[in-house]
Amino acid sequence: MANLTATAAAPPRPLLRAALLIAGFFAIDKAAALLRTVIIARVFGVSPLLDAFNAANNVPDLLFTLISGGALSIALIPVLSEYFDQHGRAAGWEVFSMVANLAFVATAVLALLVAVFALPLVQSELGIAPGFDASQQVLVAQLMRLNLVATLIFSVSGLVIGGLQANQHFLLPALAPTLYNCGQIFGAVVLAPQKPLLAGLPLPALGLGVHGLVYGVIIGALLHLAVQLPGLWRYGFRWRFGIALHHPGVLRILMLLGPRLAGLGAFQLTELMRDNLASRMAPGSVTALTYGWFLMQVPETIIGTAVGTALLPTLATLMARHSPTETERSAQILSTALRVVIALTMPIAVAAWFYLPPLVQLVFEGRAFTPEASKLVVFAARLYFAGLLGHAALELGARAFYARKDALTPTLVALVCMLLQVTLALALTQVRVLGYGGLALANSIAFSVQAFALLVLLRTRHRAIDQRQVLRGLAQAGLATAAMGGVLWVGTRGANSLWQLAGIAVLAAALYVGVLLAAGFTELRELGRNIFAGGG
């Protein structure tokens, strides 16, 4: 990032190192997730069974996201960062214990209710999968009940991530998702198949079918929690029994939580809406959208989520000091982070249009995953990639508000954009050439609008962004992306082999970097120096 030395106008090197560390582990996690996805795809293809598995994840994911995975964890970090900085670790861990106890109890109660009413939740016209046949709906309900076990484990594990990140510790939280994927891979390779999946390896095949995938999820959740426990002990964590809702730290977290619940709840409801509508379409639509979303999430997580995760504790600490100098410094840090995110996501979104077909064919096709399935996934993924920049920028914009302990503004914007997404989804799915792809395009448009709105509000309300700096970065990246896109458009049309496609990609990437540097994008040099110097 620009002049990442110890100046007030630039992000500190520890922040860049943290972002690179998180991005590296997210890349490992996404590689493991890709391996898991490919294994599952080749065992089950784009099939009604896998549609049921993917649909069954929705309500457990909703509980996890609302209680600890996103809402509470994000609300926790600004308050814990302040407590650790100003009151000491003992006081911070006391707040953490009370919040974790509350989250576990709340998750247990809600999970029990979901388990009891699982089948009606699936069958309702406003439920998860009203378009599935009766046997599929029963299977979804069974898988959902099993998934709730993992949700209960995640109710604690998700908060542990927030507790460690508030201590500026990112290693174990970044490693945890990889171990979660390892559990799922075990389920896909050993528990699910009817016969050994990997030739030459003496692995058992327990033949549990799609249920084996859910048992793998539960194993992965246990690993996700276990790997983080040493980090808690390192930072002096001592668990305390009890829930004190009157505690000022707990009250502040709950006040931040309310709006955040609504915002993330809106997102999860749109996911439920997506599968509800897709369940009424051709078999495989739910799975195609799930895979397309996953492919877009690979770069979004490695870039947007990594930078946003590293950014939040730093911004929260700076804002808690209530110093004009620190406030100005936070604006420079956020603006530079936005420039880097723009420069990394724009070329990927364009390159994805050209390279998704051969990539999906190379990686996914085989066994039960057919060329027809590849076409379904590529179509959805291309439309999701149209919103890559919006999704990544949203990671930064939302966290900038959370650092100011303002969860209400991003929540209100999210609710408006949820309505926009639902409206667009209902309209675009009626367009014959789009079909289920309309659901992906609606997502891209709505999230891009949401990111833009938050960034505008940060600028106008808080002057938290250097508008000129960000727009200059957008113009520089746009110019370089246009040059790169021209090379890809001409080159890929005549390519006949993967080697030719790879060579064209290298040429296009080199041109992009050259044009970006020539346009004066200095952050790229600093980013490269830190990568090749190990973040030093």
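Here we summarise the structure given alongside this text. The structure presented is a predicted model; accordingly, all values stated were derived computationally and were not measured.

## Some thoughts on the overall build of the chain
Along the chain, the regular secondary structure elements total 20 helices and 0 strands. In terms of overall size, the chain behaves like a compact globule, its C-alpha atoms giving a radius of gyration of 23 Å where 536 residues would be expected to give roughly 24 Å. Seen through its principal axes, the chain has C-alpha atoms that stretch 65 × 60 × 50 Å. The contacts in the chain between residues at least 6 apart in sequence include a share of 82% that link residues at least 24 apart. Counting every atom, the chain has about 21500 Å² of accessible surface; 70% of that belongs to carbon and sulfur. The distance from the centre of the 33 positive side-chain charges to the centre of the 20 negative ones in the chain is 5 Å.

## A word on helix H15 (residues 388-403)
Taking 1.5 Å per residue, 16 residues should reach 22 Å; H15 reaches 23 Å between its end C-alpha atoms and fits that length. Among the 16 residues in H15, 15 count as buried, and that is most of the element.

## A short note on the packing of aromatic side chains
Here the structure, examined in full by the defined rule, presents 12 aromatic pairs. Ring centres 5.8 Å apart and planes at 75° place the aromatic pair Phe-379 and Tyr-436 in the edge-to-face group. You can see Phe-379 sitting in helix H14 (residues 371-385) and its partner Tyr-436 sitting in the loop between helix H16 (408-428) and helix H17 (437-462), a full 57 residues away along the chain. One aromatic cluster is present, built from ring pairs that chain together Phe-84, Trp-93, Phe-96, Trp-233 and Phe-237.

## Details of the pattern of salt bridges
This structure, assessed with the given rule, holds 7 salt bridges. Arg-252 is the partner of Glu-82 in a salt bridge, and the nearest nitrogen-oxygen pair spans 2.8 Å. With Glu-82 in helix H4 (residues 71-86) and Arg-252 in helix H11 (residues 248-278), this pair connects stretches of sequence that are 170 residues apart. By relative accessible area, which is 15% here, Glu-82 ends up buried.

## Here we look at the environment of Leu-225
Structurally, Leu-225 can be placed in helix H9 (residues 210-226). A sequence separation of 56 residues divides Leu-225 from His-169, and the C-alpha atoms of the two residues are 15 Å apart. For Leu-225, the residues in contact, after removing those within four places along its chain, are Ile-153, Val-156, Ser-157 and Val-160.

## Section: the packing of helix H5 (residues 89-116) against helix H7 (residues 134-166)
Packed helices, taken two at a time, are described by the angle their axes make and the gap between the axes. For the pair H5 and H7, interaxial distance at closest approach is 10 Å and the crossing angle is 165°. Between H5 and H7, the crossing angle belongs to the class labelled roughly antiparallel. H5 and H7 meet at a crossing whose hand is right-handed. Counted together, Trp-93, Phe-96, Val-99, Ala-100, Ala-103, Phe-104, Thr-107, Ala-108, Ala-111, Val-114 and Ala-115 of H5 and Met-144, Arg-145, Leu-148, Thr-151, Leu-152, Ser-155, Val-156, Leu-159, Val-160 and Gly-163 of H7 form the full contact between these two elements. In the contact of H5 with H7, the residues fall into 16 nonpolar, 4 polar and 1 charged.

## Focus on the layout of surface pockets
By volume, the largest pocket is sized at about 990 Å³. Forming the boundary of the largest pocket are 45 residues, of which Pro-299, Ile-303, Leu-344, Pro-347 and Ile-348 lie nearest the centre. Elements represented by at least two residues in the lining of the largest pocket include exactly helix H1 (13-44), helix H12 (285-320), helix H13 (324-364), helix H18 (467-493), helix H19 (498-518) and helix H20 (523-532). Broken down by element, the lining of the largest pocket gets its largest block of residues, 14 residues, from H13. For the lining of the largest pocket, the class distribution of residues is 43 nonpolar, 1 polar and 1 charged. Size it by volume and the second largest pocket reaches roughly 440 Å³. Lining the second largest pocket are 16 residues, with Phe-452, Leu-455, Val-470, Leu-471 and Leu-474 positioned closest to its centre. Ranked by residues supplied to the lining of the second largest pocket, first place goes to H17 with 6 residues. The class makeup of the residues in the lining of the second largest pocket is 12 nonpolar, 3 polar and 1 charged.

## Topic: the side chain of Asn-57
Its place among the elements puts Asn-57 in the loop between helix H2 (48-56) and helix H3 (58-69). Look at Asn-57 and you get buried, because its relative accessible area is 15%. Here the side chain of Asn-57 touches Asn-147 through a polar contact of 2.7 Å, side chain to side chain.

## Brief notes about the packing of H2 against H9
The geometry of H2 relative to H9 is characterised by a closest axis approach of 10 Å and an angle of 30° between their N-to-C directions. As far as their axial angle goes, H9 and H2 are roughly parallel. Every pair of crossing elements has a handedness; the one defined by H2 and H9 is right-handed. Contact with H2, carried on its side by Leu-49, Leu-50 and Phe-53, involves Val-210, Leu-213, Val-214 and Val-217 of H9 and no other residues of that element. A class-by-class count of the residues in the contact of H2 with H9 yields 7 nonpolar, no polar and no charged.

## Re unusual backbone geometry
Comment: phi is negative for the bulk of residues other than glycine, and the bulk of peptide bonds are trans. For Arg-463, which is not glycine, the phi torsion reads 50° and is therefore positive. You can see Arg-463 is positioned in the loop between H17 and H18. The exposure class of Arg-463 is exposed, given its relative accessible area of 58%.

The rules behind the values
- Residues numbered from 1 in each chain as written.
- Predicted model: local features only at pLDDT ≥ 70, side-chain atom pairs only at ≥ 80, totals over all residues.
- Heavy atoms only, no water.
- Helix = DSSP H or I, 4+ residues; strand = E, 2+ residues; numbered from the N terminus.
- Rg over C-alpha atoms; globule rule 2.2 N^0.38 Å.
- Contact = heavy atoms within 4.5 Å.
- Areas by Shrake-Rupley, 256 points an atom, 1.4 Å probe, with all protein chains shown as cover.
- Lys, Arg positive; Asp, Glu negative; His and termini not counted.
- Charge placed at Lys NZ, Arg CZ, Asp CG, Glu CD.
- Expected span 1.5 Å × (residues − 1).
- Buried < 20%, exposed > 50% of the residue type's maximum accessible area, 1.4 Å probe, protein only.
- Phe/Tyr/Trp six-rings, centres within 6.5 Å; stacked < 30°, edge-to-face > 60°.
- Salt bridge = Lys/Arg side-chain N within 4 Å of Asp/Glu carboxyl O.
- Axes fitted to C-alpha atoms, helices over the stretch in contact; angles between N-to-C directions.
- Parallel < 35°, antiparallel > 145°, perpendicular 65-115°, else oblique.
- Left-handed = near helix turned anticlockwise from the far one by under 90°.
- Nonpolar A, V, L, I, M, F, W, Y, C, P; charged D, E, K, R; others polar.
- 1 Å grid on protein atoms, 1.4 Å probe; cavity = no way out; pocket = protein on both sides within 12 Å on 5 of 7 lines; lining within 4 Å.
- Points joined across faces, edges and corners; volume = space filled by probe spheres on them.
- Polar contact = N/O pair within 3.5 Å; in protein donor to acceptor, adjacent residues only side chain to side chain.

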